Amino acid sequence: MLLKPKNIFLLLCLSAGFIACRTHKPVTTETGMLYSSCYPIESITIPHCKLSIKDGNKSYQLNGSIYIRPDSVFYFRGTVMGVEMVRGVIYHDSFAIINRWDRICFKGNNQYLSNLTGYPINPEILFLLFTADRCEEAYKEKLGFRVTSGQTSQVMVLGSNRSTLEMKFNPENSTTESITSYKQQTGFKATYGQYQQFQQFLLPTVLDISASGGGSNIQINTTYQEILFDQPQSINFSIPSGYQIQELK
């Protein structure tokens with residue numbers, strides 16, 4: 001089945017694929033590589049998105065929805081033909097994922113996910129990475145990254161946890177083309193496309209993810225059908241009766 005414990009890296013990639021994109025106010029630093037200020041958003045909602053997932057020789061088609069508040073929670077659902085198959089939350093320190101295929105709830109500390117990806121995992125950082133945000137303040141102060149080299153369309157940054165990020169972007173319109181994370185035996189790449197103007201925001205509406213780690217090689221294509229800003233939403237998450245609970249450490 002799709003979400004086995006040894007394949008939990010796929011779960012994280014699936015989660016990332018649900019996230020739609022925002023951008024930032026185009027004020028650059030002297031280097032022109034990162035942004036010195038970011039446009040604030042309290043929350044983002046994606047009621048509908050299409051997901052195409054390849055895991056080795058297996059493929060899956062899902063409909064997704066997500067709500068994310070960078071200061072508190074990342075919440076997502078995935079359905080097949082209108083039937084919910086996965087539901088999950090990621091908080092600042094912990095996560096829980098309900099896998100309805102196998103009637104299991106995976107729970108654990110976010111450090112487990114960080115070790116798999118080579119990147120800190122919490123709602124704020126996921127929002128930063130998967131929305132193509134190059135906010136200098138966030139990368140330097142919250143993540144501890146520092147720029148090690150840069151060119152007109154590429155910058156390398158090194159993290160305090162020995163992870164490396166490679167950012168490629170279009171200097172003509174200040175949009176991010178891809179962000180790649182490397183750490184030991186894991187790799188994660190997010191590629192952004194089809195930027196469109198949404199009110200005051202220039203947003204990518206297509207996100208392609210490739211990831212390797214934990215014995216998995218995953219490819220995900222995500223297309224966003226609707227994006228809403230600052231819409232209040234209640235989080236409905238509870239573990240169904242009779243489900244096995246598995247702690248991941």
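Thresholds applied
- Residues numbered from 1 in each chain as written.
- Predicted model: local features only at pLDDT ≥ 70, side-chain atom pairs only at ≥ 80, totals over all residues.
- Heavy atoms only, no water.
- Helix = DSSP H or I, 4+ residues; strand = E, 2+ residues; numbered from the N terminus.
- Buried < 20%, exposed > 50% of the residue type's maximum accessible area, 1.4 Å probe, protein only.
- Contact = heavy atoms within 4.5 Å.
- Areas by Shrake-Rupley, 256 points an atom, 1.4 Å probe, with all protein chains shown as cover.
- Core = buried A, V, L, I, M, F, W, Y, C linked by side-chain atoms within 4.5 Å.
- Salt bridge = Lys/Arg side-chain N within 4 Å of Asp/Glu carboxyl O.
- Pairing = 2+ DSSP bridges.

Draft legend 1. Region of the structure containing the overall build of the protein. If you tally the helices and strands in the protein, you get 4 helices and 15 strands. The buried share of the protein, taken over its 249 residues, is 52%. Taking contacts inside the protein between residues at least 6 apart in sequence as the whole, the part at least 24 apart equals 50%. Working note: accessible area of the protein is about 11,500 Å², and carbon and sulfur atoms make up 46% of it.

Draft legend 2. Molecular detail of the nonpolar core. Judged by nonpolar contacts, the single largest core of 45 residues is most densely connected at Ile44, Phe74, Ile90 and Phe95. Residues Tyr67, Val73, Tyr75 and Ile98 belong to the second largest nonpolar core, which totals 8 residues.

Draft legend 3. Representation of the pattern of salt bridges in the model. In this structure the tally under the stated criterion is 4 salt bridges. Between Asp71 and Arg69 there is a salt bridge, with its nearest N and O atoms 3.2 Å apart. Residue Arg69 is classed as partly exposed on the basis of its relative accessible area of 25%. When salt bridges with common partners are traced through the structure, they connect Arg77, Glu84, Arg87 and Arg100 into a single cluster.

Draft legend 4. Here's a closer look at the environment of Thr222. For Thr222, the location among the structural elements is in strand S13 (residues 216–224). Sequence separation of Thr222 and Leu207 is 15 residues, and the distance between their C-alpha atoms is 5.2 Å.

Draft legend 5. Structural view of the pairing of strand S6 (residues 104–109). As judged from the 6 bridges shared by strand S5 (residues 94–99) and S6, these two strands associate in the antiparallel manner. Note on S6: the bridge partner recorded for Ile98 is Cys105. Here S6 runs beside strand S15 (residues 244–248); their pairing, made up of 5 bridges, is parallel. Across the sheet, residue Cys105 finds its bridge partner in S15, namely Ile245.

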